[in-house]
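Close look at the chain arrangement
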Amino acid sequence: ILLLTFTIILFTAVTVGLSIFYQYTANNLKNLILTIKNIEKEVLQLENTEQDLMLNFNKVSVFFVSDNTRFENNFRTSLKNIETKVDLLSGLNIIQNNIKASEQISSFQEDLKYYAENFNELVLACREKGFNSKGLAGDWQNLSTQLINKFSLFKEESVYANILKLKSIEKDYLLSKDPKLINELSYLSNDIQNSLLLSEDTDSVLIIDISNDLDKYLETANQLLSIDKRVGISSKTGLISNLSNAQLRLNDSISGLSLILEKRINSKQTWLFMVLLSIILILLAGLVFILQNIFRISIFHPLAEISKYLSLLVRGKLPDDKIELNINNEFYSLSESINVLADSCKVKMKYAHDLNEGLMDTKIDILSEDDLLGKELIQLHKNIQKSVEEQKKYNEDNTRRRYINEGLAKFAEILR
């Protein structure tokens, strides 16, 4: 029982230990997947920060005087979190031992660096472009206002109308960033300058001054167009396109890495499960084998030996050999009791045999006060002895009577 208990405890301990190890490994792999999901969220946060910048930079006045705005702070925070998590992933053995995963990590890091560079360029471009009274856009609008003020002195309504049209095109461009509007501004500026040259009331100095302002205005417009082209007139050009493509590559890299790791994790989990199942089956088979041997040695074999010996006793046969068991349990005590019983039966059988042969001097010792058979045999011995003595006395009396009768018969014959 102690051996069986120890075996079961050992089996349970090993099984629980393996289960804990499997659960620990599974949790680590789940944490790895969770880290990748967090990276995907941080990448999405980068995209949201970029969109927030493009939609709202012109509404945050501090953007044009400080680089500590929410756009840049959010971007730097997300970028730092991503770099930390990616560095952690790249140092894991499961990544280093997988070539495809290592390539995906390297590709992701390169795309992340490229994305950060383009975002910083986008911030600089937006800051350089400005809005309202800030940057080139502010200078451009101030120039147009100055031109309106100067052209308000002209008597010709057509010239002033062209200046107002110039301002209208300017507003349209700031909203749409359509390069064609800059060409219209150039044509309209030429018309204005030609109208000034043909005007008879215009001071030559004022014409030169206005022409210079128009040239500066067009130059500023072309600079704004250059910045807008660098930023991206549409989603398929400029920095916006670069960021979009980098975003797609980042998503592809992290998705590819996630897919590789999921396959690897599923494979490892399957392997761990198979190893755990194999070990448990081996332990279970070992437990069954041990239990079988325990029952065979401690129960079945002793029972078979005792049953075989008892079957001989039941048939009245007294085996010469004793039951010998190499165990130390209740079956050993039982076998010793049966051996004592068999020896007692042999002694009593010999005792009965001697009595049957007429050997009245033989003796027997009873096993205990409760040995009824022994007491009955002793009593039988006494009864036989008593019968023998009575028979001897009876024979002596018969001999004496026969002697007397024969003597009397002879005496009578002599008298006759």
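The present account deals with the structure reproduced in this document. Owing to the predicted nature of the structure, the values given are computational and were not obtained by experimental measurement.

So, about the packing of helix α7 (residues 179–198) against helix α8 (residues 204–231). At a minimum axis distance of 11 Å, the contact between α7 and α8 shows a crossing angle of 175 degrees. If you check the angle between α7 and α8, you find them roughly antiparallel. Along the contact surface, α7 presents P179, I182, L185, S186, S189, I192, Q193, L196 and L197, while α8 presents I207, I210, S211, L214, D215, Y217, L218, A221, N222 and L225. Classifying every residue of the contact of α7 with α8 gives 13 nonpolar, five polar and one charged.

This part is about helix α2 (residues 70–90). Taking 1.5 Å as the rise per residue, α2 with 21 residues should run 30 Å; its terminal C-alpha atoms sit 30 Å apart, in good agreement. Regarding α2, the residues found buried are F71, E72, F75, S78, L79, I82, V86 and L89. Around the axis of α2, the buried residues are gathered within 135 degrees of arc, so they sit on the same side. In α2, the exposed positions that point more than 90 degrees away from the buried face belong to K80 and L88. On the buried face of α2, the contacting elements are α1 (2–56), α3 (93–96), α4 (99–129) and α9 (238–314).

Turning to unusual backbone geometry, a few remarks are in order. For K177, which is not glycine, the phi dihedral falls at a positive 55 degrees. Tracing the chain through its elements places K177 in the loop between α6 (157–176) and α7. Residue classification places K177 among the buried positions, given a relative accessible area of 17%.

Attention now moves to the packing of α1 against α2. At a minimum axis distance of 9 Å, the contact between α1 and α2 shows a crossing angle of 160 degrees. Of the possible angle classes, the one that applies to α1 and α2 is roughly antiparallel. In this structure, the crossing between α1 and α2 has a hand that is left-handed. For the contact of α1 with α2, the per-class residue count stands at twelve nonpolar, eight polar and four charged.

Within the largest apolar cluster, 70 residues are counted, with the highest numbers of intra-cluster contacts made by F63, F108, L185 and L257. Per-element accounting of this core gives the leading share, eleven residues, to α4. Apart from the residues within four sequence positions on either side, L185 is in contact with W140, L166, I169, E170, Y217, L218 and A221.

Take helix α5 (residues 135–151) next. Given 3.6 residues per turn, any residue in an α-helix points the same way as the ones three and four places further on. With 17 residues, α5 ought to run about 24 Å at 1.5 Å a step, and its terminal C-alpha atoms sit 24 Å apart, in line with that. Inspection of α5 places L136, A137, G138, W140, Q141, L143, S144, L147, I148 and F151 among the buried residues, and these make up the whole buried set.

So, how was this worked out
- Residue indices begin from 1 for each chain and proceed along its sequence in written order.
- For a predicted model such as this one, the threshold for reporting local features is a pLDDT of at least 70, and the threshold for listing and counting side-chain atom pairs is 80 or more; totals across whole chains, interfaces and linings nevertheless cover every residue.
- Here the side-chain values reflect all heavy atoms present in the structure, with hydrogen atoms and water set aside.
- Axis lines are fitted through C-alpha atoms, for helices just across the contact stretch, and the angle between N-to-C directions can take any value from 0 to 180 degrees.
- Only DSSP runs of H or I with at least four residues qualify as helices, and only runs of E with at least two residues qualify as strands; both kinds are numbered from the N terminus onward.
- Here the word oblique covers every angle except those under 35 degrees (roughly parallel), over 145 (roughly antiparallel) and from 65 to 115 (roughly perpendicular).
- Two residues form a contact once any of their heavy atoms are found within 4.5 Å.
- Side-chain classes follow a simple rule in which Ala, Val, Leu, Ile, Met, Phe, Trp, Tyr, Cys and Pro form the nonpolar group, Asp, Glu, Lys and Arg form the charged group, and the remainder, Gly included, forms the polar group.
- One less than the number of residues in a helix, times 1.5 Å, gives the span that helix is expected to have.
- Throughout this description, buried means an accessible area under 20% of the type-specific maximum (1.4 Å probe, protein chains only), exposed means over 50%, and partly exposed covers the range between.
- It is the directions from the helix axis to the C-beta atoms that the arc portrays.
- In this scheme the handedness of a crossing depends on how the near helix is turned from the far one: anticlockwise by less than a right angle means left-handed, clockwise means right-handed.
- Take the buried residues of types Ala, Val, Leu, Ile, Met, Phe, Trp, Tyr and Cys, join any two whose side-chain atoms come within 4.5 Å, and each joined set is a nonpolar core.

Everything listed here is a matter of geometry and, on its own, says nothing about what the molecule does.
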